[in-house]
Amino acid sequence: MLACADVRPVTHSLQGRLEDLPLPDIMQVVQSMAKTGALILERADGVKAISIFRNGRLVQAATDEGYETLGDRLIRKKIIARRELDESLGYMAQFPGMRVGDALAEKGFASRREIESECSAHLTETVRRLMEWRDTVFEFRVGQVSVVAELPSLEMDFVLDNGVEPSQVLLRASILKDEQARLTHGEAAGRASAAPADGSRAEEEPERDEDGEVARAIDSFEASGGAGLDDCQEDAETSPPMQ
């Protein structure tokens, strides 16, 4: 586990606890200083997460807790079929360094807009979960950091090459958190009011559409005047690929 006490700068990093310096504050500092590096989080139970920044913009965030690959996510969303993923993986093997999203787009199985949309939604969902982490230590390492080296179980597939401003991701994540809390409260109230008086079991509630909640959160953010995904990609400066 990462060993650290109070928040303190080190030679090429910043270490501390989220109880002392919350995640939103860390991300906003990285954005304001236009830093390139990796924010590594580790909970007391050993679960880890990593967020990659380039010039202050967030390009990737993932945790090894319940990790789902981009390919599996696209299959679950019925954007591609398993056969198309397998074919793309075989195609990708011919080009070392190619990401699965690029292979899917080049094979014509998914559009780049669909892939970027899912990467953006995954980023929002991950940050929303990380905002709830407690008893967690962090380390921000300046410079290029390999995701695979830090979390070998993850793949470099959920990447937004031009990145998104952390402040926008945090706002979307907060909207998503509020939306999910509102729906959870409404479902609980509905179950209580619908409970049979004789104590028999009520009909099961339909499974919650978390993907739909993310989409509504992003739509709500853009409707309130926030920049959309296309705006973020167009406004970003061209930067070299990560190693």
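Residues numbered from 1 in each chain as written. Predicted model: local features only at pLDDT ≥ 70, side-chain atom pairs only at ≥ 80, totals over all residues. Heavy atoms only, no water.

**Description of the packing of aromatic side chains**
The description of two aromatic rings rests on the distance between their centres and on the angle between their planes.
Phase 1: Scanning the entire structure with this criterion turns up 3 aromatic pairs.
Phase 2: Judged by centre distance (6.0 Å) and plane angle (65°), the ring pair of Phe53 and Phe140 falls under edge-to-face. With Phe53 in strand β4 (residues 48-54) and Phe140 in strand β6 (residues 136-142), this pair connects stretches of sequence that are 87 residues apart.
Phase 3: What makes Phe140 buried here is its relative accessible area of 6%.
Phase 4: Ring plane angle 55° and centroid distance 5.1 Å describe the contact between Tyr91 and Phe95, whose orientation is recorded as tilted.
Phase 5: For Phe95, a relative accessible area of 36% corresponds to the partly exposed category.
Phase 6: Sitting over the face of the ring of Trp133, Arg43 holds its NZ or CZ atom 4.7 Å from the ring centroid. (Phe/Tyr/Trp six-rings, centres within 6.5 Å; stacked < 30°, edge-to-face > 60°. Helix = DSSP H or I, 4+ residues; strand = E, 2+ residues; numbered from the N terminus. Buried < 20%, exposed > 50% of the residue type's maximum accessible area, 1.4 Å probe, protein only. Lys NZ or Arg CZ within 6 Å of the ring centre and 35° of its normal.)

**Focus on the pattern of salt bridges**
Phase 1: A complete count under the given rule lists 17 salt bridges for this structure.
Phase 2: Ionic pairing is found between Arg73 and Glu125, a salt bridge with its closest N-O pair at 2.9 Å. In this pair, Arg73 sits in helix α2 (residues 70-76) while Glu125 sits in helix α5 (residues 112-130), placing the two residues 52 residues apart along the sequence. Comparing Arg73 with Glu125 shows no difference in burial state: the two are buried.
Phase 3: In this structure, Glu179 engages Arg182 in a salt bridge whose closest nitrogen and oxygen atoms are separated by 3.0 Å. Of this pair, Glu179 and Arg182 both sit in helix α7 (residues 166-194), separated by 3 residues, roughly a single helical turn. (Salt bridge = Lys/Arg side-chain N within 4 Å of Asp/Glu carboxyl O.)

**Description of helix α1 (residues 23-32)**
Phase 1: For α1, the full list of buried residues reads Leu23, Ile26, Met27 and Val30. Burial along α1 is one-sided: seen end-on, the buried residues are contained in an arc of 95°.
Phase 2: Of the residues flanking the end of α1, it is Ala34, one or two places downstream, whose phi is positive at about 50°. (Arc of directions from axis to C-beta.)

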